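Given next are the chains, with one letter for each unit.
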Amino acid sequence: MQGRESTAQRFMSIYNNPEEFDDHLIQSGETLVIAHFHADTSGPSMKMLPKIKEMASQYPDVSFITVDVNSSEELTQRYNISTTPTFIFFKSGAKKETVIGANEEALENCMHRLKDEPSSSEQT
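Note that the coordinates shown come from a computational prediction; the quantities given were computed from them, not determined experimentally.

Trainee: Tell me about the side chain of Lys91, and please be specific about residues and values.
Mentor: Structurally, the position occupied by Lys91 is in strand β4 (residues 86-91). Buried within the structure, Lys91 lacks any salt-bridge partner; Glu117 is the closest side chain of opposite charge, at an N-O distance of 5.7 Å. Side-chain polar atoms of Lys91 contact the backbone oxygen of Glu117, separated by 2.4 Å.

Written as structure tokens, this is what we have:
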């Protein structure tokens with residue numbers, strides 16, 4: 001039961017404040033962070049929620065966070081979000097890759113590829 005609570009809590013991490021978002025990325029260290037930029041009024045964003053929740057429970061070693069594009073103009077502009085959903089992958093505080101749209105296969109493939117990728121200063 002405890003695992004479920006922490007998975008739900010981790011998934012429900014909502015960062016609309018840029019400082020809190022940045023702090024989360026820093027504190028996550030080498031943990032893969034997937035930021036789900038969404039809008040409650042977007043059909044494709046809502047379609048992806050069950051998949052994101054499923055992935056969050058299956059992969060406790062990945063941090064899933066959400067950003068409401070209507071509540072965080074600064075983060076939306078910083079990452080040039082023009083379509084929802086948009087998923088941005090971060091590791092060691094650095095942006096690694098982006099998946100745009102409700103593409104479950106691309107989301108999962110990208111996560112698997114980056115999840116176990118070593119984070120080193122040699123990578124750019």
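Okay, back to it.
Trainee: Pulling in residues and values, what's your account of helix α3 (residues 43-58)?
Mentor: End to end, α3 covers 24 Å across 16 residues, agreeing with the expected 22 Å (1.5 Å per residue, within 8%). When we look at burial in α3, the residues that qualify are Ser45, Met48, Lys51, Ile52, Met55 and Ala56.

Trainee: So what about the environment of Val33? Which residues, and what values?
Mentor: Positionally, Val33 belongs in strand β2 (residues 32-38). A C-alpha to C-alpha distance of 7.3 Å links Val33 and Ile65, two positions 32 residues apart in sequence. Ignoring sequence-local partners within four residues, the contact set of Val33 consists of His24, Leu25, Ser28, Ser63, Ile65, Ile88, Phe89 and Phe90.

Trainee: Before we move on, could you go through a negative patch on the surface and cite the residues and values that matter?
Mentor: Residues Glu19, Glu20, Asp23 and Glu74 make up a contiguous surface patch of negative charge. For the negative patch, the leading source of residues is helix α2 (residues 18-27), giving three residues.

Trainee: Quick rundown of the packing of α3 against helix α5 (residues 104-115)? Include the residues and the values.
Mentor: Between α3 and α5, whose axes approach to 11 Å, the crossing angle comes to 25 degrees. One element, α3, and the other, α5, form an angle in the roughly parallel class. Considering the relative orientation of α3 and α5, their crossing is right-handed. Mapping the contact onto sequence places Met48, Lys51, Ile52, Met55 and Gln58 in α3 and Glu104, Leu107, Glu108 and Met111 in α5. The residue inventory of the contact of α3 with α5, partitioned by class, reads five nonpolar, one polar and three charged.

Trainee: Got a sec to walk through the sheet that holds β4? Specific residues and values, please.
Mentor: Pairing within the open sheet is mixed, and its five strands lie in the order β1-β3-β2-β4-β5. Strand pairing shows two members of the sheet lacking a second neighbour, β1 (13-14) and β5 (94-100), which therefore form its edges. As defined by bridge partners, β4 adjoins β5 across six bridges and the pair is classed as antiparallel. Looking across to β5, one finds that Phe89 is bridged to Glu97.

Parameters at a glance
- Residues numbered from 1 in each chain as written.
- Predicted model: local features only at pLDDT ≥ 70, side-chain atom pairs only at ≥ 80, totals over all residues.
- Heavy atoms only, no water.
- Helix = DSSP H or I, 4+ residues; strand = E, 2+ residues; numbered from the N terminus.
- Buried < 20%, exposed > 50% of the residue type's maximum accessible area, 1.4 Å probe, protein only.
- Lys, Arg positive; Asp, Glu negative; His and termini not counted.
- Salt bridge = Lys/Arg side-chain N within 4 Å of Asp/Glu carboxyl O.
- Polar contact = N/O pair within 3.5 Å; in protein donor to acceptor, adjacent residues only side chain to side chain.
- Expected span 1.5 Å × (residues − 1).
- Contact = heavy atoms within 4.5 Å.
- Patch = residues over 30% accessible without salt bridge, like charges linked within 9 Å, V, L, I, M, F, W, Y side chains within 5 Å.
- Areas by Shrake-Rupley, 256 points an atom, 1.4 Å probe, with all protein chains shown as cover.
- Charge placed at Lys NZ, Arg CZ, Asp CG, Glu CD.
- Axes fitted to C-alpha atoms, helices over the stretch in contact; angles between N-to-C directions.
- Parallel < 35°, antiparallel > 145°, perpendicular 65-115°, else oblique.
- Left-handed = near helix turned anticlockwise from the far one by under 90°.
- Nonpolar A, V, L, I, M, F, W, Y, C, P; charged D, E, K, R; others polar.
- Pairing = 2+ DSSP bridges.

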